[in-house]
Amino acid sequence: MTATTGKLRAFLDAAPAAALVEVTEAKGSTPREQGAWMLVTQDAIFGTIGGGQLEFLAIGKARELIRENVATGALDIPLGPEIGQCCGGRVNIGISLVDETKRRELTQRAATEDESRPHVLVFGGGHVGHALSAALVLLPLHVTLVETRAEALPGVAAGTRTVLTPVPEEAVRGAPAGSAYVVLTHDHSLDFLIVAEALKRKDAAYVGMIGSKTKRATFRSWYLREAGGAEADLARLVTPIGGSAVKDKRPAVIAALAAAEIFTALSQR
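Residues numbered from 1 in each chain as written. Predicted model: local features only at pLDDT ≥ 70, side-chain atom pairs only at ≥ 80, totals over all residues. Heavy atoms only, no water.

### Overview of the packing of helix α6 (residues 188–199) against helix α7 (residues 213–225)
Applicable threshold: Here, axes are lines fitted to C-alpha atoms. For helices the fit covers the stretch in contact, and angles between N-to-C directions go from 0 to 180 degrees. By the criteria applied, helices consist of DSSP H or I runs no shorter than four residues and strands consist of E runs no shorter than two, each listed in order from the N terminus. Just so you know how the angles are binned, under 35 degrees is roughly parallel, over 145 roughly antiparallel, 65 to 115 roughly perpendicular, and the rest oblique. Take the far helix as your reference; a near helix turned counterclockwise from it by less than a right angle gives a left-handed crossing, and one turned clockwise gives a right-handed crossing. Contact criterion: two residues are considered in contact whenever any of their non-hydrogen atoms come within 4.5 Å of each other. We call Asp, Glu, Lys and Arg charged. Ala, Val, Leu, Ile, Met, Phe, Trp, Tyr, Cys and Pro are nonpolar, and the rest, Gly among them, are polar.
It is the contact of α6 with α7, at a shortest axis distance of 11 Å, that shows an interaxial angle of 60 degrees. Put simply, α6 runs oblique to α7. By crossing handedness, the relation of α6 to α7 is classed as right-handed. Residues His188, Asp191, Phe192, Leu193, Val195, Ala196 and Leu199 of α6 pack against Lys215, Thr218, Phe219, Trp222 and Tyr223 of α7. Residue composition of the contact of α6 with α7, grouped by class: 8 nonpolar, 2 polar and 2 charged.

Pasting the structure below:
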């Protein structure tokens, strides 16, 4: 069971009466897309349909249905100045009380969504590796931290899967199609070996390596001359990770920029 599915089950188990609030239609500029949903009880919520006055009105309607034991309801809300939310679009919302059948459907839906999340493999449990794992695990992703040193694994962010192995490139070979690979170990030679293995994966959504222009040039020379790599594959390598616009090299900053870059690449797949 994934963390999200477990949290959903815990929420439903603690809620004798709950209502499902779902965006059934979204036109124009709206906070969330069609299919976005949340659960509402008399004193708690799980998920979001975008916040703001739109969500406030939906929560109020859902709690009204719960109090009056009315099975279904709906809202048609124009996002204009009259509700203080000037997105300019229009949202239709369906609301229904959650029975046992709906509870099972929601749990299965969450499990299916969790299973379809992309995988990110972070190689290296140093300061940036820990910071990057902590940033990525907040996103709808499966995050794995791969290390050769046992002492580098304690303190990893909750929700991160850890792999301790003397041969980290094997984790590349066994990763699902469409995965992202981020390489930032304590050893440049190890970085090169892992990146070379990742570039063999034509299905990789992202291959990144922490470093500088000098490190990229050194890797390029080794990759083309010693590893038998091709320029076309080398062009897929992102280094330095996180872009070059921000010069701040603190781990948390690198992690934030890299996480956005990685998630963008995965979303484009």
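Back to the text.
### Side note on the environment of Leu234
Note that Leu234 resides in helix α8 (residues 231–234). The spatial distance from the C-alpha of Leu234 to the C-alpha of Arg220 is 7.3 Å, given a sequence separation of 14 residues. Ignoring sequence-local partners within four residues, the contact set of Leu234 consists of Leu199, Arg216, Phe219, Arg220 and Tyr223.

### Quick look at the sheet that holds strand β2 (residues 37–40)
Selection rule: When DSSP locates at least two bridges between a pair of strands, those strands are taken to pair.
If you trace the 5 strands from one edge of the open sheet to the other, you get β3-β2-β1-β5-β4, paired in antiparallel fashion. Only two strands of the sheet have a single partner each, and these edge strands are β3 (45–47) and β4 (72–78). Averaged over all neighbouring strand pairs, the angle between strand axes comes to 20 degrees, with direction disregarded. Relative to strand β5 (residues 90–97), β4 runs antiparallel, the two being bridged by 7 bridges.

### Some details on the sheet that holds strand β8 (residues 161–164)
The strand order β8-β7-β6-β9-β10-β11 describes an open sheet built from 6 strands, whose pairing is parallel. The sheet is open, and its two edges are formed by β8 and β11 (237–238), each paired on a single side. Where strand β7 (residues 142–147) and β8 come together, 4 bridges link them in parallel fashion. Note on β8: the bridge partner recorded for Thr144 is Arg161.

### A closer look at the packing of aromatic side chains
Note the cut-off: Ring pairs shown here join Phe, Tyr and Trp side chains whose ring centres sit within 6.5 Å, with only the six-membered ring taken for Trp; geometry is labelled stacked below 30 degrees between planes, edge-to-face above 60, and tilted in between. Using a 1.4 Å probe on the protein chains alone, a residue whose accessible area is under 20% of its type maximum counts as buried, one over 50% counts as exposed, and one in between counts as partly exposed.
Applying the stated criterion across every chain yields a total of 6 aromatic pairs. Ring centres 5.5 Å apart and planes at 45 degrees place the aromatic pair Phe11 and Phe46 in the tilted group. In this pair, Phe11 sits in helix α1 (residues 3–13) while Phe46 sits in strand β3, placing the two residues 35 residues apart along the sequence. A relative accessible area of 18% places Phe46 in the buried class.

### Brief notes about the pattern of salt bridges
To be explicit about the condition: Between Lys or Arg on one side and Asp or Glu on the other, a salt bridge is scored when a side-chain nitrogen of the former is within 4 Å of a carboxyl oxygen of the latter.
Applying the stated criterion across every chain yields a total of 18 salt bridges. Of the charged contacts, one joins Asp114 and Arg117 as a salt bridge, the two residues approaching to 3.3 Å between their closest N and O atoms. As a salt-bridge pair, Asp191 and Lys215 come within 2.6 Å of each other at their nearest N and O atoms. Here the residue Asp191 occupies a position in helix α6, and Lys215 occupies one in helix α7, the gap between them amounting to 24 residues. Judged by its relative accessible area of 7%, Lys215 falls in the buried class. Within this structure, Glu22, Arg109 and Glu113 form a network of salt bridges that share partners.

### Considerations on helix α2 (residues 52–68)
Worth spelling out the cut-off: Under the convention used throughout, the expected extent of a helix is 1.5 Å for every residue step, that is, one less than its residue count.
Along its 17 residues, α2 runs 25 Å from first to last C-alpha, staying within 8% of the 24 Å computed at 1.5 Å per residue. Where α2 terminates, the next one or two residues include Asn69, which has phi positive at roughly 55 degrees.

### Some remarks on the layout of surface pockets
Counted only if it meets this: Every definition here rests on a 1 Å grid over the protein atoms only: cavities are sets of points where a 1.4 Å probe fits but cannot get out, pockets are open sets enclosed by protein on both sides within 12 Å along at least five of seven lines, and lining residues have some atom within 4 Å of a point. Grid points are joined across faces, edges and corners, and a volume is the space filled by probe spheres set on the points.
What the largest pocket holds in volume is close to 990 Å³. Lining of the largest pocket is provided by 36 residues; of these, Thr4, Asp114, Arg117, Leu139 and Pro140 occupy positions nearest its centre. Among the residues forming the lining of the largest pocket, the class breakdown is 16 nonpolar, 12 polar and 8 charged. Taken as a whole, the second largest pocket holds about 380 Å³ of empty space.

### Some thoughts on empty space enclosed by the protein
Inspection of every chain in the model, using the stated rule, returns 1 cavity of 30 Å³ or more. Reported here for the largest cavity is a volume of approximately 40 Å³. Its residues placed into classes, the lining of the largest cavity shows 5 nonpolar, 4 polar and 1 charged.

### Section: the environment of Leu20
Among the structural elements, Leu20 can be located in strand β1 (residues 19–27). The residues touching Leu20, leaving out its near neighbours within four places in the chain, are Trp37, Met38, Leu39, Gly94, Ile95, Ser96, Val98, Lys102 and Leu106.

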